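# Observations on the three-dimensional arrangement
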Amino acid sequence: MESEAPMNTSKSCFIIGLPAAGKTSYLAALAYSLEQQNIPTKLQWKSFSGNQQYLTKLAEKWLTAEPVDRTSFSLEQRSLSWCLSDDDDNKYNISFPDLSGETFQKQYVDREIDSVLAKMIIASDGLILFINPQGIIEPTLISQLPLSLREDEKNDTSPKERNQKIDDPTVVQIIVLLQDIAYLLKGKRMPLVVIVSAWDVVENSFTTPEDFVMKHTSLLWQFLKANNDIFNVSYYGVSAQGGKIETSEQAEALIEQYENNPWMRMSAIDNLGVKSHDITLPLWELLNKKME
């Protein structure tokens, strides 16, 4: 029986996440990983089109353990493209944007999506959603309000003016964004990879990435379960840096620890709890899911 011929396909992935969700840090580690020929990865780099200098700088920052600057409106990259191949010599021409988290928050606050972004989402073959466990705005329950305030029927204290960006729970903001995407899909089922970034921070407390989402952002987990006909979901935990780099001492210690094999700083864990140093795995799984 003849083996199937390698395929050559073009796919577009749309990356979504609120400010400081870990999108650019992942791209920095991914860029470094793909540029090195000696790193064992599911996907390998063939060629690139777009702002090569942008990705090169991200890779250099990753190698020197420098914090990656958050992507501002002015630095957004809407047309990054790679040609990648896998172990079976299948080639993937993929494009994805590196958008500012503020772009998505503006969409949430305005309840309006930019027409260009809408077209990019409609044309996408899959979504990657980033959640940073260190940046989650928790919901405030009625039971958490002071008892004196809840029992005082005469209390007419006016609530403080609400800032939707910093007061609204993270899960609410994300779900509204996903609802917008669901509307644009018009009945199609979209592959979605949920990446819990900075996984090294929570890996000792949660068995799998889905376990974290289910227990720590339960409303999002319920939303995705209830909309399984719209989103074909996979979960990954990713540690792009491998540890804290908030100070120069921390960065130097991290570099020294992995001096001979820098790529071992990065890691990805799938929803079976299998850990790997290959952070191309979430992207590879997304590329191999079919739009329905």
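First, a word on what this report is: a plain description of the structure on this page.

## Some words on helix α10 (residues 218–226)
All of the buried residues in α10 are L220, W221, F223 and L224. Within α10, the buried residues cover an arc of 160° as seen down the axis, which keeps them to one side. In this structure, α10 carries K225 and A226 as exposed residues pointing more than 90 degrees from its buried face. In this structure, the buried residues of α10 make contact with β5 (126–131), α7 (170–185), β6 (190–197), α9 (209–216) and β7 (231–239).

## Let's talk about the pattern of salt bridges
Here the structure, examined in full by the defined rule, presents 6 salt bridges. The partner of D110 in a salt bridge is K106, with the nearest N and O atoms 2.8 Å apart. Of this pair, D110 and K106 both sit in helix α3 (residues 101–110), 4 residues apart, roughly one helical turn. What makes D110 partly exposed here is its relative accessible area of 39%. In this structure, D211 engages K215 in a salt bridge whose closest nitrogen and oxygen atoms are separated by 3.1 Å. With D211 and K215 both in helix α9 and 4 residues apart, this pair spans about one turn of that helix.

## Points about the layout of surface pockets
Space inside the largest pocket adds up to approximately 690 Å³. Lining the largest pocket are 34 residues, with G22, S25, N132, Q134 and Q241 positioned closest to its centre. Elements supplying a minimum of two residues to the lining of the largest pocket: α1 (23–35), α3, α8 (199–202) and β7. Looking at which element gives the most residues to the lining of the largest pocket, the answer is α1, with 4 residues. Of the residues contributing to the lining of the largest pocket, the split by class is 14 nonpolar, 13 polar and 7 charged.

## Some details on empty space enclosed by the protein
To find leftover empty space, a probe the size of one water molecule is rolled over the atoms. Under the definition given, this model contains 1 cavity of 30 Å³ or more. When its volume is computed, the largest cavity comes out at roughly 40 Å³. Ranked by residue count, the leading element in the lining of the largest cavity is α1, at 3 residues. Of the residues contributing to the lining of the largest cavity, the split by class is 7 nonpolar, no polar and no charged.

## Details of the environment of G242
By secondary structure assignment, the location of G242 is in the loop between β7 and α11 (248–257). Considered as a pair, G242 and I255 are 13 residues apart in the sequence and their alpha carbons are 10.0 Å apart. Every residue in contact with G242, bar those within four places of it in the chain, is listed here: D200, L254 and R265.

## Quick look at a negative patch on the surface
A contiguous patch of negative charge, built from E249, E252, E256 and E259, is present on the exposed surface. Looking at the secondary structure, you find E259 in the loop between α11 and β8 (267–269).

## Here we look at the side chain of D270
Here D270 lies in the loop between β8 and β9 (275–276). One buried charged residue, D270, forms no salt bridge at all, with the nearest opposite charge on K42 at 11 Å. Within the structure, the side chain of D270 is placed 2.9 Å from the backbone nitrogen of L272, a separation counted as a polar contact. Among the polar contacts listed, one links the side chain of D270 to the backbone nitrogen of V274, at a separation of 2.9 Å. With sequence-adjacent residues up to four places away left out, D270 is seen in contact with P209, Y235 and Y236.

## Quick look at the packing of α3 against α7
When two helices pack together, their arrangement is given by the angle between the helix axes and by the axis-to-axis distance. In contact at an axis separation of 10 Å, α3 and α7 are set at 80° when each is read in the N-to-C sense. Of the possible angle classes, the one that applies to α3 and α7 is roughly perpendicular. Residues F104, Q105, Q107 and Y108 of α3 form the contact with α7, whose own contacting residues are V172, Q173, V176, L177 and D180. Its residues assigned to classes, the contact of α3 with α7 shows 5 nonpolar, 3 polar and 1 charged.

The rules behind the values
- Residues numbered from 1 in each chain as written.
- Predicted model: local features only at pLDDT ≥ 70, side-chain atom pairs only at ≥ 80, totals over all residues.
- Heavy atoms only, no water.
- Buried < 20%, exposed > 50% of the residue type's maximum accessible area, 1.4 Å probe, protein only.
- Helix = DSSP H or I, 4+ residues; strand = E, 2+ residues; numbered from the N terminus.
- Arc of directions from axis to C-beta.
- Contact = heavy atoms within 4.5 Å.
- Salt bridge = Lys/Arg side-chain N within 4 Å of Asp/Glu carboxyl O.
- 1 Å grid on protein atoms, 1.4 Å probe; cavity = no way out; pocket = protein on both sides within 12 Å on 5 of 7 lines; lining within 4 Å.
- Points joined across faces, edges and corners; volume = space filled by probe spheres on them.
- Nonpolar A, V, L, I, M, F, W, Y, C, P; charged D, E, K, R; others polar.
- Patch = residues over 30% accessible without salt bridge, like charges linked within 9 Å, V, L, I, M, F, W, Y side chains within 5 Å.
- Areas by Shrake-Rupley, 256 points an atom, 1.4 Å probe, with all protein chains shown as cover.
- Lys, Arg positive; Asp, Glu negative; His and termini not counted.
- Charge placed at Lys NZ, Arg CZ, Asp CG, Glu CD.
- Polar contact = N/O pair within 3.5 Å; in protein donor to acceptor, adjacent residues only side chain to side chain.
- Axes fitted to C-alpha atoms, helices over the stretch in contact; angles between N-to-C directions.
- Parallel < 35°, antiparallel > 145°, perpendicular 65-115°, else oblique.

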